[in-house]
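Below, each chain spelled out in residue letters.
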Amino acid sequence: MAFTANFSPSIPSSYKTLKPPFKIPIPTPLNYPKSTPHPPSFSITNTLLDSSKPTTIILPFLPKTFISRFAPDEPRKGADILVEALERESVTELFAYPGGASMEIHQALTRSDTIRNILCRHEQGEIFAAEGYARVNGRPGVCIATSGPGATNLVSGLADAMLDSIPIVAITGQVPRRMIGTDAFQETPIVEVTRSITKHNYLVLDIEDIPRIVREAFFLARSGRPGPVLIDVPKDIQQQLAVPNWNRPMKLQGYISRLPKPPQISQLEQILRFVSESKKPVLYVGGGSLNSSSELRRFVELTGIPVASTLMGLGSYPCSDDLSLKMLGMHGTVYANYAVDHSDLLLAFGVRFDDRVTGKLEAFASRAKIVHIDIDPAEIGKNKQPHVSVCGDVKMALEGINGLLEERIEVTQKLDFSAWREELMDQKKKFPLSYKTFGEAIPPQEAIKVLDELTNGEAIITTGVGQHQMWAAQWYGFKGPRQWATSSGLGAMGFGLPAAIGAAVASPGTTVVDIDGDGSFIMNVQELATVRVENLPVKIMILNNQHLGMVVQWEDRFYKANRAHTYLGNPEKDNEIFPNMLKFAEACDIPAARVTKRAELRGAIQKMLDTPGPYLLDVIVPHQEHVLPMIPSGGGFKDVITEGDGRRIY
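Residues numbered from 1 in each chain as written. Predicted model: local features only at pLDDT ≥ 70, side-chain atom pairs only at ≥ 80, totals over all residues. Heavy atoms only, no water.

## A look at the confidence of the model for the protein
For the protein, per-residue confidence averages 91 on the pLDDT scale, and residues scoring 70 or more make up 90% of the total. Throughout residues 1–63 the model reports pLDDT below 50, and contacts reaching past four residues in sequence, or to other chains, amount to 132 contacts. (pLDDT = per-residue confidence, 0-100. Contact = heavy atoms within 4.5 Å.)

## A short note on the pattern of salt bridges
Throughout the structure, instances matching the rule amount to 39 salt bridges. Close ionic contact of Glu 295 with Lys 395 constitutes a salt bridge, the shortest N to O distance being 2.8 Å. With Glu 295 in helix α11 (residues 293–303) and Lys 395 in helix α14 (residues 394–407), this pair connects stretches of sequence that are 100 residues apart. When its relative accessible area of 11% is taken as the criterion, Glu 295 is described as buried. Among the residues examined, Lys 395 registers a relative accessible area of 22% and is labelled partly exposed. Here Glu 458 and Lys 479 are joined by a salt bridge, their closest N and O atoms 3.7 Å apart. With Glu 458 in the loop between α17 (444–455) and β19 (460–463) and Lys 479 in the loop between α18 (467–475) and β20 (484–485), this pair connects stretches of sequence that are 21 residues apart. Judged by relative accessible area, which is 33%, Lys 479 ranks as partly exposed. Connected through salt bridges with shared partners, the residues Arg 69, Asp 80, Glu 87 and Arg 111 form a single ionic network. (Salt bridge = Lys/Arg side-chain N within 4 Å of Asp/Glu carboxyl O. Helix = DSSP H or I, 4+ residues; strand = E, 2+ residues; numbered from the N terminus. Buried < 20%, exposed > 50% of the residue type's maximum accessible area, 1.4 Å probe, protein only.)

## So, the environment of Val 300
As for its position among the elements, Val 300 is in helix α11. Judged by relative accessible area, Val 300 falls into the buried class, the value being 2%. Once the C-alpha coordinates of Val 300 and Leu 323 are considered, the two residues, 23 residues apart in sequence, prove to be 8.2 Å apart. In this structure, Val 300 is in contact with Leu 283, Ile 305, Val 307, Tyr 317 and Leu 323, ignoring residues within four places of it in sequence.

## What to know about unusual backbone geometry
Of note, the amide linkage connecting Phe 578 to Pro 579 takes the cis form, showing an omega dihedral of -5°. Note on placement: Pro 579 falls in the loop between α22 (549–558) and α23 (581–587). Cis rather than trans, the peptide bond between Leu 628 and Pro 629 has omega equal to 0°. In this structure, Pro 629 sits in the segment after β24 (615–620). The backbone of Ser 90 shows a phi angle near 65°, a positive value even though the residue is not glycine. Following the sequence through the fold, Ser 90 ends up in the loop between α1 (78–88) and β6 (93–96). Taking relative accessible area as the criterion, Ser 90 reaches 15% and is therefore assigned buried. Positive phi values are uncommon outside glycine, yet Asp 183 reaches one of about 60°. For Asp 183, the location among the structural elements is in the loop between β9 (168–174) and α6 (190–193).

## As for the environment of Asp 452
With respect to the helices and strands, Asp 452 occurs in helix α17. Each C-alpha atom of the pair Asp 452 and Ala 472 lies 9.5 Å from the other, and the pair is 20 residues apart in sequence. Ignoring anything within four residues of it in the chain, the contact list for Asp 452 reads Gly 457, Trp 475, Tyr 476 and Gly 477.

## Quick notes on the sheet that holds β20
The 6 strands are arranged β20-β19-β21-β22-β24-β23 in an open sheet whose pairing can be described as parallel. Each edge of the open sheet carries a strand with a single partner, namely β20 and β23 (592–595). Bridge count for β19 against β20 is 2 bridges, and the pairing is parallel. Of the residues in β20, the one forming a bridge with Ile 461 is Trp 484. Sheet strands touched by helix α24 (residues 601–610): β21 (512–517), β22 (538–544), β23 and β24. Its angle to β24, the strand with the most contacts, is close to 165°. (Pairing = 2+ DSSP bridges. Axes fitted to C-alpha atoms, helices over the stretch in contact; angles between N-to-C directions.)

## Overview of the sheet that holds strand β16 (residues 345–349)
In spatial order, the strands read β15-β14-β13-β16-β17-β18; together these 6 strands make up an open sheet with parallel pairing. The open sheet is flanked by β15 (324–327) and β18 (388–391), the only strands paired with a single partner. The mean angle between the axes of side-by-side strands here comes to 15°, regardless of whether they run parallel or antiparallel. The pairing of β16 with strand β17 (residues 369–374) spans 5 bridges and is classified as parallel. Looking at β17, one finds that Leu 346 is bridged to Ile 370. Those strands touched by α11 are β13 (281–285), β14 (307–309) and β16, and its axis lies near 175° from that of β13.

## Observations concerning the pairing of strand β10 (residues 200–203)
For β10 and strand β11 (residues 228–234), the ladder comprises 4 bridges, and the chain directions are parallel. Across the sheet, Leu 203 pairs through a bridge with Asp 232, a residue of β11. The parallel pair β10 and β11 is bridged by helix α7 (residues 210–222), and the resulting crossover is right-handed. (Right-handed = clockwise from strand over helix to strand, strands pointing away.)

## Observations regarding α17
Helix length check: α17, at 12 residues, gives a terminal C-alpha distance of 17 Å against a target of 16 Å (1.5 Å per residue), a fit within 8%. Buried residues of α17: Pro 444, Gln 445, Glu 446, Ala 447, Ile 448, Val 450, Leu 451, Asp 452 and Thr 455, and no others. Where α17 is buried, its residues contact β19, α18, β21, β22, α24 and β24. Taken from the residues just after α17, Asn 456 is the one with a positive phi, measuring 60°. (Expected span 1.5 Å × (residues − 1).)

## Digging into the packing of aromatic side chains
Per the stated rule, a full pass over the model turns up 12 aromatic pairs. Taken together, a centroid distance of 6.2 Å and an interplanar angle of 80° make the contact between Phe 219 and Tyr 255 edge-to-face. Of the two residues, Phe 219 is situated in helix α7 and Tyr 255 in helix α9 (residues 253–258); the sequence distance between them amounts to 36 residues. With a centroid separation of 5.0 Å and 50° between ring planes, the pair formed by Tyr 476 and Phe 478 is classed as tilted. By relative accessible area, which is 1% here, Tyr 476 ends up buried. Among the aromatic residues, those joined into a ring-pair cluster are Tyr 284, Phe 353 and Phe 364. Of note, Arg 88 hangs over the ring of Trp 246, and the distance from its end group to the ring centre comes to 4.2 Å. One Lys or Arg, Arg 647, reaches over the ring of Phe 438 and ends 3.7 Å from the middle of that ring. (Phe/Tyr/Trp six-rings, centres within 6.5 Å; stacked < 30°, edge-to-face > 60°. Lys NZ or Arg CZ within 6 Å of the ring centre and 35° of its normal.)

So this is what it looks like as structure tokens:
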């Protein structure tokens, strides 16, 4: 639902500096969780006096009136100004760990009636939780850390959010201004450290700038191609007294002028012409399509074009639909990669032609015309040169294309890709996703398949990184967008558990399951304490093979199975499961169980789901299993591997 309003002649001063014409898209999820307290965005149409064209600004929901706990002319600390700025951005949950340089902010948070802090046990845990929060509901995740090691512990999360286009506002404490550059205790130049892994960052040097900087940070994080923004706040500014001016305008004219404009009708007509001329079109959709799921579904309904998804794009089109080819790429389905290889038209929507998708670039979609729609101009032609490109919001482009298709019934009626769909259906029958069974041993793929069946494909799934991540992508049938939170571009192990915390906070009442590997899980195992203290109903299903499974798979395939520090158990007691994951859960007062036999798997997963609150299930699986299909790095479709595991020598 959207609310449309017209500006009265009295334009808020914060928008007086914005010169038309411009379009500011700020995406919000289409399947907004009912339990989330934040309403969706609304748009404001504004015809300024010096413009002949109306300007549309899509803004986050703004409360009718903001009631401050301070009198208008009452001085307050910089930390209180910062917290109120967050309140004015409708922040109700954040993830913060205190330290010497951020204590003032935490003190101010205790004076807030609207912001809840989820106290993770490590700064990396808190930023991964903020990412999980943002991935699930589309709003910026907020995290706060102290200076020095607290700030540097955020680095992996910032890099992850940058690569996966996740809106994050990270706030760090800093040593007082007079001590900056003196190698003071816990001083790190975090602005310099993070410059290349943030969309933008700030070092606050004037308390008067806090309201503007916070507003800009949120605007930058969620507009255009979303990403992380860092605000570094020296401690003396946090302690300084001031009366804030909430009406200071943003200073982002250059950025705003470069934001993509609505697509031109001529571009959309050319895309439509390509579609009508093609015989074997395929959609290649990524994370940039998550906010346009309904438009994507309508486009597929009108055209009958099959859909292949990237790891980031899973759920933008229902995985169980007949026209879904599931995931493409290195560990994608044979039929998805076949479709791209044999297509004559590749519709690349909200993607960046990542190497794990394309493999050998020259061989990727080598027979196809390419249409690339993406909001980031840097991605157009970066890896693969398109025949037609649209730099803009995928949602707006699809709305325009669907409008043309609905207007031109004669064009839509002539579209007939039934022979192509039958060809792909034959591929699905020849090369379905499959796995082998070995006695009572539990195939890891089956654990995820059973979880999918018992949750009806409606749970929110988070993962670490490795084999379990790929099996989750292959075997869980996501029904809609924002059910899937995984570290895709960076591949950060330890992501799953804290991301599940953020997801559970963002969408209370929804089943959240962290499908994890033993290696990834133990990297942020301390967050079990957070799960327990916050009483979050996070379910943790560990696929425990006592190894770094994906590295073992590559050792098997390419290094003659030579084990190079990939065994995670205790070599002196290799017949025992080590470490004992159940003891970790017990230490944090979380119910837990272990299952080792295939016959007991379904009952164990059902018990996990039925148990109120958090639960840990340790699923023991063979380390010899390989994630298949697999296209070796730098290979093409002709190099796809569909058979074998670690039980044989290559």
